[in-house]
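So the chains spell out like this:
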Amino acid sequence: MENVDTDQIIPARFLKATTRDGFGKNLFRDWRYENNDEAQPKKDFVLNQPQYNGEVLVAGKNFGCGSSREHAAWALQDYGFKAVVSSFFADIFKNNALNNGVLPVKVSDEFLAELFTLGNANTISIDVDKQTITIDATGGQEIFDINPYKKTCLLNGYDDIDYLISHKEQIEAFETQNI
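Only a predicted model underlies this, so the values are computations on that prediction, with no experimental measurement involved. Along each chain, residue indices are assigned from 1 in the same order as the chain's sequence is written. Local features in this predicted model are restricted to residues whose pLDDT is 70 or higher, and side-chain atom pairs enter the listing and the counts only when it is 80 or higher, whereas totals over whole chains, interfaces and linings include all residues. Each side-chain value is derived from all of the structure's non-hydrogen atoms; neither hydrogens nor water enter the calculation.

(A) Representation of the overall build of the chain. Strands are runs of DSSP state E lasting at least 2 residues, helices are runs of H or I lasting at least 4, and numbering of each runs from the N terminus. The number of helices and strands found in the chain is 8 helices and 6 strands. Across the 179 residues of the chain, 37% fall into the buried class. Looking at the chain alone, contacts between residues at least 24 apart form 51% of all its contacts between residues at least 6 apart. Counted as positive: Lys and Arg. Counted as negative: Asp and Glu, with His and the chain ends omitted from the count. A single reference atom marks each charge: NZ on Lys, CZ on Arg, CG on Asp, CD on Glu. Seen as two clouds, the 17 positive and the 27 negative side-chain charges of the chain have centres 5 Å apart. Relative accessibility under 20% of the residue-type maximum defines a buried residue, over 50% an exposed one, and the middle range a partly exposed one, all with a 1.4 Å probe and only protein chains included. We call two residues in contact when some of their heavy atoms are within 4.5 Å.

(B) Examining the environment of glycine 140 more closely. One can find glycine 140 in the loop between β5 (132–135) and β6 (141–143). With residues up to four places along the chain from it excluded, the contact list for glycine 140 reads Phe111, Ile133, Thr134 and Ile135.

(C) Examining the sheet that holds strand β1 (residues 56–58) more closely. Across the sheet, 3 strands lie side by side as β1-β2-β3; this open sheet has parallel pairing. At either end of the open sheet lies a strand with only one pairing partner, and these are β1 and β3 (103–106). Pairs of neighbouring strands in the sheet enclose a mean axial angle of 20°, with direction left out of account. A strand pair is defined by DSSP finding two or more bridges across the two strands. To obtain each axis, a line is fitted to C-alpha atoms, and for helices this fit is confined to the stretch in contact; angles are then taken between N-to-C directions over 0 to 180 degrees.

(D) Region of the structure containing the packing of aromatic side chains. Between rings of Phe, Tyr and Trp, where Trp is taken as its six-membered ring, a pair exists when centres lie within 6.5 Å; planes separated by under 30 degrees are stacked, by over 60 edge-to-face, and by other angles tilted. The final tally for this structure, using the stated rule, is 9 aromatic pairs. Measuring from centroid to centroid gives 6.1 Å for phenylalanine 89 and phenylalanine 93, while their planes differ by 20°, and the two rings are stacked. Each member of the pair, phenylalanine 89 as well as phenylalanine 93, is classed as buried. Judged by centre distance (6.5 Å) and plane angle (65°), the rings of tyrosine 158 and tyrosine 163 are edge-to-face. Exposure remark for tyrosine 158: the relative accessible area of 29% places this residue in the partly exposed category. By way of ring pairs, the aromatic residues Phe28, Trp31 and Phe45 are connected into one cluster.

(E) How the structure looks around the sheet that holds β5. Pairing within the open sheet is antiparallel, and its 3 strands lie in the order β4-β5-β6. Of all strands in the sheet, those with a lone pairing partner are β4 (124–127) and β6, marking the two edges. Between one strand axis and the next, the sheet turns through 15° on average, direction left out of account. Note that β5 and β6 share 3 bridges and pair antiparallel. From the neighbouring strand, isoleucine 133 faces β6, where its bridge partner is glutamate 142.

(F) Highlighting the nonpolar core. We define a nonpolar core as any set of buried Ala, Val, Leu, Ile, Met, Phe, Trp, Tyr and Cys residues linked to one another through side-chain atoms lying within 4.5 Å. Ranked by size, the top nonpolar core spans 24 residues in total, and within it Ile9, Leu27, Phe28, Phe63, Leu76, Val84 and Phe93 carry the most contacts. When residues of this core are traced back to their parent elements, those giving at least two are α3 (71–79) and α4 (91–99). The residues contacting valine 84, other than those within four sequence positions of it, are Leu57, Ala59, Phe63, Leu76, Phe89, Val102, Leu103, Pro104 and Val105. Judged by nonpolar contacts, the second largest core, of 14 residues, contains Leu98, Leu103, Val128 and Ile135.

Next up, the structure:
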């Protein structure tokens with residue numbers, strides 16, 4: 001689908017928690033269950049079909065639009081997604097995803113259409129270091145952009161504090177310099 005907003009990703013009624021845990025079970029809640037009942041999954045919803053499991057969500061254009069809730073990234077991460085592929089992301093969602101260890105991979109409209117054409121009959125590979133996404137069966141590939149700082153954090157599993165700690169020796173050396 002195109003134009004998936006953050007309220008569809010994680011409905012507002014589930015935003016009461018203050019920790020990041022537990023949001024995955026409510027990812028796309030209103031689309032996944034009949035009458036909002038976990039015991040009644042909608043059989044035709046893609047995340048309820050075992051052949052569509054994995055760590056990469058392929059989404060339509062304009063994913064993460066709407067309000068700036070960080071909970072949307074929390075829900076994707078808690079569900080198990082490590083990357084989301086789309087041809088356009090809302091800026092605030094993109095930053096929230098990167099800050100929470102979920103890689104937003106922006107591809108061309110044509111590449112995205114090819115991914116949807118192949119469906120679950122194919123797998124994709126994402127190389128963060130080389131900044132490439134590849135369709136394994138066809139070899140089709142695109143390069144994606146990522147902020148160098150966020151790339152370093154993703155490759156090393158760092159949040160902002162971990163990144164600073166990784167430079168502790170350089171920071172201490174700088175502090176001892178006579179200026």
